[in-house]
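Residues per chain are reported as follows:
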Amino acid sequence: MADRAEQILAGLGGSDNIIEIEPCITRLRTEVEDASQVNEAALKAAGAHGVMISGNVVQVVVGPEADTIAEDIEDLR
Amino acid sequence: MTRVAAPCPGRVLPLTEVPDPVFSSAMVGPGIALDPAPEETTVGAPVTGKVIKVHPHAFVIQGEDGVGILVHLGINTVRLEGEGFEVLAQQGDQVTQGDPMVRWTPGNISGEGISTIIPVVALDQPADSVTPTDASEVSPGDALFDVAG
């Protein structure tokens, strides 16, 4: 699971790119500094069902383990 | 096969009518949506099983055959930060179909981008695994859909 968090963190452009990350029941809602650093293919390779980017808000659909992944990502930052 | 029961009274809608791309495109799994009556209602467990997650606005129960059923009370309701929802179950609880999960009054819920439509989703199941009810309105406990497997 921590590996998956690492991959998702990397796919979001790394720790420095993340302003805020908030888990919902099926997705991570992330505010990023620079959306162009988000690697959608890497996020999907990390198991994301989908990625939605709107301005600097990135939603990564990961399923119901979203809050566990968000905690793991916070631990890595 | 898992029979998923209606968690509350409402009008049956296809997932494609849910105003959220994650649900309308069945990204987390296939299912059905309910447009709930506005009155106060206690949303019940759609299946017998274990409570995997419970948030004020959403919960997941893993049925006895392993399929996770997500009930999401409204769209963008996470923004309400629990206001208007009374959680009646705990993560890890063993529940029986119909057991009280969350109490809310859909008619009192409003806000920009917020809808009270309730997607009920079989998580991570193939798109063709769900057979929905023919009914256009359901009462709590009525069959909502069957999940193959």
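Structure: above.
Residues numbered from 1 in each chain as written. Chains lettered and ligands numbered in written order. Predicted model: local features only at pLDDT ≥ 70, side-chain atom pairs only at ≥ 80, totals over all residues. Heavy atoms only, no water.

*Asks:* Honestly, the overall build of chain B in this entry has me stumped. Any pointers?
*Replies:* Helix and strand counts for chain B stand at 1 helix and 14 strands. Whereas a compact globule of 149 residues would reach a radius of gyration of roughly 15 Å, chain B reaches 14 Å, a difference of no more than 12%. Oriented by its inertia axes, the alpha-carbon framework of chain B measures out at about 40 × 30 × 25 Å. Put simply, chain B has 149 residues, and 52% of those count as buried. Per element, the accessible surface of chain B, about 6,400 Å² overall, is 45% carbon and sulfur. In chain B, 6 side chains carry a positive charge and 19 a negative one; their mean positions are 4 Å apart. (Helix = DSSP H or I, 4+ residues; strand = E, 2+ residues; numbered from the N terminus. Rg over C-alpha atoms; globule rule 2.2 N^0.38 Å. Buried < 20%, exposed > 50% of the residue type's maximum accessible area, 1.4 Å probe, protein only. Areas by Shrake-Rupley, 256 points an atom, 1.4 Å probe, with all protein chains shown as cover. Lys, Arg positive; Asp, Glu negative; His and termini not counted. Charge placed at Lys NZ, Arg CZ, Asp CG, Glu CD.)

*Asks:* What should I look at first to understand empty space enclosed by the protein in this one?
*Replies:* Gaps left between atoms are located by rolling a probe of water-molecule size over the structure's atoms. As enumerated under the stated definition, the model contains 1 cavity of 30 Å³ or more in all. Empty space within the largest cavity amounts to approximately 40 Å³. Looking at the largest cavity, the residues that line it are Cys24, Arg27 and Arg29 of chain A together with Asp20, Phe23, His57, His72, Gly74, Ile75, Asn76, Thr77 and Val78 of chain B. (1 Å grid on protein atoms, 1.4 Å probe; cavity = no way out; pocket = protein on both sides within 12 Å on 5 of 7 lines; lining within 4 Å. Points joined across faces, edges and corners; volume = space filled by probe spheres on them.)

*Asks:* Explain the sheet that holds strand E2 (residues 27–32) of chain A here, please?
*Replies:* What links the strands of a sheet is backbone hydrogen bonding, and the strands pair in either a parallel or an antiparallel sense. Residue and element names in this part refer to chain A. As summarised here, the arrangement of the 4 strands in space is E1-E2-E4-E3, forming an open sheet in which the pairing is antiparallel. For this open sheet the edge positions go to strand E1 (18–23) and strand E3 (50–54), each flanked by a neighbour on one side alone. On average, each strand axis in the sheet is tilted by 15 degrees relative to the strand beside it, whichever way the strands run. Strand direction decides the pairing type here: E3 and strand E4 (residues 57–61), joined by 5 bridges, are antiparallel. Each bridged residue has a counterpart across the sheet, and for Val51 the counterpart in E4 is Val60. (Pairing = 2+ DSSP bridges. Axes fitted to C-alpha atoms, helices over the stretch in contact; angles between N-to-C directions.)

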